[in-house]
Amino acid sequence: MADGPPDTPHAQQPAPEPILTPLERTLAIALTEVVIRLDLSDDDAIRPAATMQVIGPVAVLLQDLSEHDRRTLADLINQFAQQEADPERRLTAWEAPEPLGLLV
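Residues numbered from 1 in each chain as written. Predicted model: local features only at pLDDT ≥ 70, side-chain atom pairs only at ≥ 80, totals over all residues. Heavy atoms only, no water.

A.B. asks: Any chance you could break down the overall build of the protein for me, citing the residues and the numbers?
C.D. replies: Secondary structure summary: the protein contains 4 helices and 0 strands in total. Listed by position from the N terminus, the elements making up the protein come as α-α-α-α. For the protein, with 104 residues in total, the buried portion stands at 31%. With the model as given, the accessible surface of the protein reaches about 6700 Å², and the carbon-plus-sulfur share is 59%. (Helix = DSSP H or I, 4+ residues; strand = E, 2+ residues; numbered from the N terminus. Buried < 20%, exposed > 50% of the residue type's maximum accessible area, 1.4 Å probe, protein only. Areas by Shrake-Rupley, 256 points an atom, 1.4 Å probe, with all protein chains shown as cover.)

A.B. asks: Residue-level account of the nonpolar core, with values.
C.D. replies: In this structure, Leu 62, Leu 73, Ile 77, Leu 100 and Leu 102 are the most contacted members of the largest nonpolar core, which totals 14 residues. Secondary-structure elements contributing two or more residues to this core are helix H1 (22-39), helix H2 (47-62) and helix H3 (67-83). With 5 residues, H3 is the single largest residue contributor to this core. Excluding anything up to four places from it in sequence, Leu 100 contacts Leu 31, Val 35, Ile 55, Val 58, Ala 59, Leu 62, Gln 63 and Ile 77. (Core = buried A, V, L, I, M, F, W, Y, C linked by side-chain atoms within 4.5 Å. Contact = heavy atoms within 4.5 Å.)

A.B. asks: Give a detailed account of the layout of surface pockets, specifying residues and quantitative values.
C.D. replies: If a probe the size of a water molecule is rolled over the atoms, the empty space left behind becomes visible. As a volume, the largest pocket reaches approximately 270 Å³. For the largest pocket, the full set of lining residues is Leu 20, Glu 24, Leu 27, Ala 28, Leu 31, Leu 65, His 68, Asp 69, Thr 72, Leu 73 and Leu 76. At the level of elements, H1 and H3 are the ones that each hand at least two residues to the lining of the largest pocket. Examining the composition of the lining of the largest pocket, we find that 5 residues originate from one element, H3, more than from any other. The residue makeup of the lining of the largest pocket, split by class, is 7 nonpolar, 2 polar and 2 charged. (1 Å grid on protein atoms, 1.4 Å probe; cavity = no way out; pocket = protein on both sides within 12 Å on 5 of 7 lines; lining within 4 Å. Points joined across faces, edges and corners; volume = space filled by probe spheres on them. Nonpolar A, V, L, I, M, F, W, Y, C, P; charged D, E, K, R; others polar.)

A.B. asks: Can you tell me about the side chain of Thr 92, naming the residues and giving the values?
C.D. replies: By secondary structure assignment, the location of Thr 92 is in helix H4 (residues 87-95). Within polar-contact distance, the side chain of Thr 92 engages the backbone oxygen of Glu 88 at 3.0 Å. Aside from chain neighbours lying at most four places away, what touches Thr 92 is Val 35, Ile 36, Asp 39 and Leu 40. (Polar contact = N/O pair within 3.5 Å; in protein donor to acceptor, adjacent residues only side chain to side chain.)

A.B. asks: Would you mind going over the packing of H1 against H3 in detail, with residue names and values included?
C.D. replies: In a packed pair of helices, the relevant descriptors are the angle between the two axes and the axis-to-axis distance. With their axes 10 Å apart at the nearest point, H1 and H3 run at an angle of 65° to one another. In this view, H1 runs roughly perpendicular relative to H3, as classed from their interaxial angle. Of the two possible hands of crossing, H1 and H3 adopt the one that is right-handed. Residues Arg 25, Ala 28, Ile 29, Leu 31 and Thr 32 of H1 touch H3, and the partners they reach there are Leu 73, Leu 76, Ile 77, Phe 80 and Gln 83. Taken together, the residues that form the contact of H1 with H3 break down as 7 nonpolar, 2 polar and 1 charged. (Axes fitted to C-alpha atoms, helices over the stretch in contact; angles between N-to-C directions. Parallel < 35°, antiparallel > 145°, perpendicular 65-115°, else oblique. Left-handed = near helix turned anticlockwise from the far one by under 90°.)

Okay, structure coming up:
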């Protein structure tokens, strides 16, 4: 994303929150948490392999979504990123749509 993380002066205003079921919202939050936990793992030896084993298949599944749905999920993840108090988690969540293939 060209605008940078949400705490920069040029951050975009968040998109209006889509109407989601509790299940959809929970799954989007859980997906974001998985990306954050994998990216911030302390074990540098296994992190890249584990990330590809988990994120790769998920990204393939997400490609079956319509472009609109991928954009909606990316926007939702960015909303969660803005709610993160920890700057490292915020940045990781902000960048999560890219490895998930949502910005293709």
